[in-house]
Amino acid sequence: MNRLLSRRFGEIEPSIIERVRVLPVDQLEALGEAFLDFVSADELLNWLNQQPNNH
């Protein structure tokens, strides 16, 4: 997922990469679907902030 995010948005802050890295499988799958609709890294951050236990 990190490679996809970097390819789409350029360099991603390490703290955001770490938050993605520790996502449980069900949230990672949901992120994979949501990612298709993101147009900016801000949308990724907003999505992460809405996830339980991922702040």
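Refer to the structure printed above.
Basis of the calculations
- Residues numbered from 1 in each chain as written.
- Predicted model: local features only at pLDDT ≥ 70, side-chain atom pairs only at ≥ 80, totals over all residues.
- Heavy atoms only, no water.
- Salt bridge = Lys/Arg side-chain N within 4 Å of Asp/Glu carboxyl O.
- Helix = DSSP H or I, 4+ residues; strand = E, 2+ residues; numbered from the N terminus.
- Buried < 20%, exposed > 50% of the residue type's maximum accessible area, 1.4 Å probe, protein only.
- Phe/Tyr/Trp six-rings, centres within 6.5 Å; stacked < 30°, edge-to-face > 60°.
- Lys NZ or Arg CZ within 6 Å of the ring centre and 35° of its normal.
- Core = buried A, V, L, I, M, F, W, Y, C linked by side-chain atoms within 4.5 Å.
- Lys, Arg positive; Asp, Glu negative; His and termini not counted.
- Polar contact = N/O pair within 3.5 Å; in protein donor to acceptor, adjacent residues only side chain to side chain.

Peer 1: Is there a simple way to explain the pattern of salt bridges in this structure?
Peer 2: Note on pairing: side chains with opposite charge can pair once their charged atoms come close. Under the definition given, this model contains one salt bridge. A salt bridge links R21 to E18, with the shortest nitrogen-to-oxygen separation between them at 2.8 Å. In this pair, R21 and E18 are both assigned in helix 2 (residues 14-21), three residues apart and thus about one turn of the helix distant. A relative accessible area of 56% places R21 in the exposed class. On the accessibility criterion, E18 (36% relative accessible area) is partly exposed.

Peer 1: Explain the packing of aromatic side chains to me, please; I cannot follow it from the model alone.
Peer 2: Each aromatic ring pair is summarised here by two numbers: the centre-to-centre distance and the angle between the ring planes. All chains considered together, the criterion is met by one aromatic pair. Residues F9 and F35 carry aromatic rings whose centres are separated by 6.1 Å and whose planes lie at 75° to one another, so their mutual orientation is edge-to-face. Residue F9 is located in helix 1 (residues 2-9), and its partner F35 is located in helix 3 (residues 25-35); the two are separated by 26 residues in the primary sequence. Judged by its relative accessible area of 18%, F9 is buried. The ring of F35 carries R8 above its face, with NZ or CZ at 5.1 Å from the centroid.

Peer 1: What's the story with the nonpolar core in this structure? I'm lost.
Peer 2: Where a protein is soluble and globular, its nonpolar side chains tend to be buried together. L5, V20, L31, F38, L44, W47 and L48 are the most contacted members of the largest nonpolar core, which totals 13 residues. Of all the secondary structure elements, the ones that give two or more residues to this core are helix 1, helix 2, helix 3 and helix 4 (41-49).

Peer 1: How should I be thinking about the side chain of R19 in this particular structure?
Peer 2: If you trace the backbone, R19 turns up in helix 2. Salt bridges are absent for the buried R19, whose nearest opposite-charge side chain, E13, sits at 8.4 Å. Looking at R19, its side chain comes within polar contact range of the main-chain oxygen of L48, at 3.4 Å. Separated by 2.9 Å, the side chains of R19 and N49 make a polar contact.

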